[in-house]
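Observations on chain architecture
Here is how the chains run, residue by residue.
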Amino acid sequence: MSGHGRRAPTGRAGRLRLRRSLTAARRGADLLERKLRLLLERERTARRAAEEAGRVWRDRLADGDGWLVRGVLLGGERALAEAVPADPAHVEIGWEALMGVRHPAAAAWTAPVRSAAERTPPNTALAHAETAYRAAVRAAAEHAVHRTAAELLTAEAARTRQRVRALRRHWIPRLEHELAVVELALEEGEQEEAVRRSWAAAPGPAGPAGRS
């Protein structure tokens, strides 16, 4: 949008071009401001969701740690090792786009499945620990999704804000100034033309007496 080396428009064609450019710039600024509002709204929603998921993550992790200590004291570390299922947990991230910004939107959690041949936790404390840790992992995945989304949206919002500022503070005022200069020049030219026509239309001295 820099005007370095740019020749200022003149005449009626220049005025028309400036009016079109000014209309396009104003429309572009309006659209960018709408995009900015949507980005900031979604960013706030993502941050709130990240904060809530982070709170759940920390709480469930603390619960799991507490139950784990009790379970190991009751059954020993061997009981813990034998109760771990071979199947891992699975997390799939769903993505979506907002105003051209692709960001993670949801985490699909699949808990480990223990086969019939595998041992279940040998005491209630380890069973509670397993439940709490599964909830913690699910919440951690959701926290990561929403936090990453918020960061991506924040970055795009910052870029959009810069573009709006460039349009509102620099490009649009420059176009308005150039248009005002062109319109003033055209108005002065029209006034001068009207004066010339008035002089040309004025009756001259009549008859021989009026001739030199």
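Everything below is about the structure shown above.
Residues numbered from 1 in each chain as written. Predicted model: local features only at pLDDT ≥ 70, side-chain atom pairs only at ≥ 80, totals over all residues. Heavy atoms only, no water.

Overview of the pattern of salt bridges
The following threshold applies: Here, a salt bridge means any side-chain nitrogen of Lys or Arg that lies within 4 Å of a carboxyl oxygen of Asp or Glu. Each helix is a run of DSSP H or I of at least 4 residues and each strand a run of E of at least 2, with the numbering of both proceeding from the N terminus. When accessible area is computed with a 1.4 Å probe and restricted to protein chains, residues below 20% of their type maximum are described as buried, those above 50% as exposed, and intermediate ones as partly exposed.
The full count for this structure, using the stated rule, is 17 salt bridges. Put simply, Arg26 and Glu176 hold a salt bridge, and the shortest N to O gap is 2.7 Å. Of this pair, Arg26 sits in helix α1 (residues 11–83) while Glu176 sits in helix α2 (residues 124–201); the two residues are 150 residues apart in sequence, bridging distant segments of the chain. Using a relative accessible area of 36% as the deciding quantity, one classes Arg26 as partly exposed. Overall, the relative accessible area of 34% leaves Glu176 in the partly exposed class. When the shortest N-O distance is used, the salt bridge between Glu52 and Arg55 registers 2.5 Å. Taken together, the residues span about one helical turn, with Glu52 and Arg55 both in helix α1 at a distance of three residues.

Describing the nonpolar core
How we decide: In plain words, nonpolar cores are sets of buried Ala, Val, Leu, Ile, Met, Phe, Trp, Tyr and Cys residues tied together by side-chain atoms within 4.5 Å.
Counting 13 residues, the largest nonpolar core has Leu18, Leu22, Ala25, Leu167, Trp171, Ile172 and Leu175 as its most contacted members. Where this core is concerned, the elements lending two or more residues are α1 and α2. Considering each element in turn, this core owes the most residues, eight residues, to α2. Membership of the second largest hydrophobic core comes to six residues, among which are Leu36, Leu39, Val101 and Leu153.

Comments concerning a nonpolar patch on the surface
How we decide: What goes into a patch is any residue over 30% in relative accessible area without a salt bridge, connected to like charges within 9 Å or, for nonpolar side chains (Val, Leu, Ile, Met, Phe, Trp, Tyr), within 5 Å. Accessible surface is estimated by sampling points in the Shrake-Rupley manner with a 1.4 Å probe; for residues, cover comes only from the protein chains shown.
Where nonpolar side chains cluster on the molecular surface, the patch consists of Val91, Ile93, Trp95 and Leu152 and spans about 330 Å² of accessible area. Mapped onto the secondary structure, Trp95 falls in strand β1 (residues 90–98).

Remarks on the side chain of Arg114
This is how the line gets drawn: Identification of polar contacts relies on pairs of N or O atoms within 3.5 Å, with a donor-acceptor requirement for protein atoms, meaning one able to donate a hydrogen and the other able to accept it, and with residues adjacent in sequence counted only if both atoms are side-chain atoms. Contact criterion: two residues are considered in contact whenever any of their non-hydrogen atoms come within 4.5 Å of each other.
Within the fold, Arg114 resides in the loop between β2 (101–110) and α2. Polar contacts involving the side chain of Arg114 include one to the main-chain carbonyl oxygen of Ala83, which spans 2.6 Å. At 2.6 Å, the side chain of Arg114 forms a polar contact with the side chain of Glu130. Dropping the residues within four chain positions of it, Arg114 is found in contact with Ala83, Pro85, Arg119, Thr120, Pro121, Glu130 and Arg134.

Let's talk about the environment of Pro122
Within the secondary structure, Pro122 sits in the loop between β2 and α2. For Pro122 and Gly71, which are 51 residues apart along the polypeptide, the C-alpha to C-alpha distance reads 8.6 Å.

Let's talk about α1
For an α-helix, the turn length of 3.6 residues means that residues three or four places apart are oriented alike. As a reminder, the rule being used: To estimate the expected span of a helix, count its residues, drop one, and scale the result by 1.5 Å. Each residue is assigned a bend, namely the angle between axes fitted to the seven residues that terminate at it and the seven residues that start at it.
An ideal rise of 1.5 Å per residue puts 108 Å on 73 residues; α1 reaches only 85 Å between its terminal C-alpha atoms. At Gly75, α1 is bent by approximately 110°, the largest bend along its length.

Looking at the side chain of Glu43
With respect to the helices and strands, the residue Glu43 is situated in helix α1. For Glu43, a relative accessible area of 12% translates into the label buried. Reaching out from Glu43, the side chain makes a polar contact with the side chain of Thr154 at a distance of 3.4 Å. When near neighbours in sequence (up to four residues on either side) are disregarded, Glu43 contacts Ala150, Leu153 and Thr154.

Some points on unusual backbone geometry
Even without glycine at this site, Met99 takes up a positive phi of about 50°. Position of Met99 among the secondary structure elements: in the loop between β1 and β2. The exposure class of Met99 is partly exposed, given its relative accessible area of 33%.

A few points about the packing of aromatic side chains
Geometrically, a pair of aromatic rings is defined through the distance of the ring centres and the angle of the planes. This is how the line gets drawn: Here the aromatic set is Phe, Tyr and Trp, taking the six-membered ring for Trp, and pairing holds for ring centres within 6.5 Å; pairs whose planes are under 30 degrees apart are stacked, those over 60 apart are edge-to-face, and all others are tilted. Both a distance and an angle decide whether a charge sits over a ring: NZ of Lys or CZ of Arg must be within 6 Å of the ring centre and within 35 degrees of the ring normal.
Applying the stated criterion across every chain, the model contains zero aromatic pairs. The positively charged end of Arg70 is found above the aromatic ring belonging to Trp67, 4.5 Å away from the centroid.

Describing the pairing of β2
As a reminder, the rule being used: When DSSP finds at least two bridges between two strands, those strands are taken to pair.
Taken together, the nine bridges between β1 and β2 define a ladder with antiparallel strand orientation. Opposite Leu98, over in β2, you have Val101 as the bridge partner. In this antiparallel pair of consecutive strands, β1 and β2, the connection spans two residues, and Met99 shows a positive phi of 50°.

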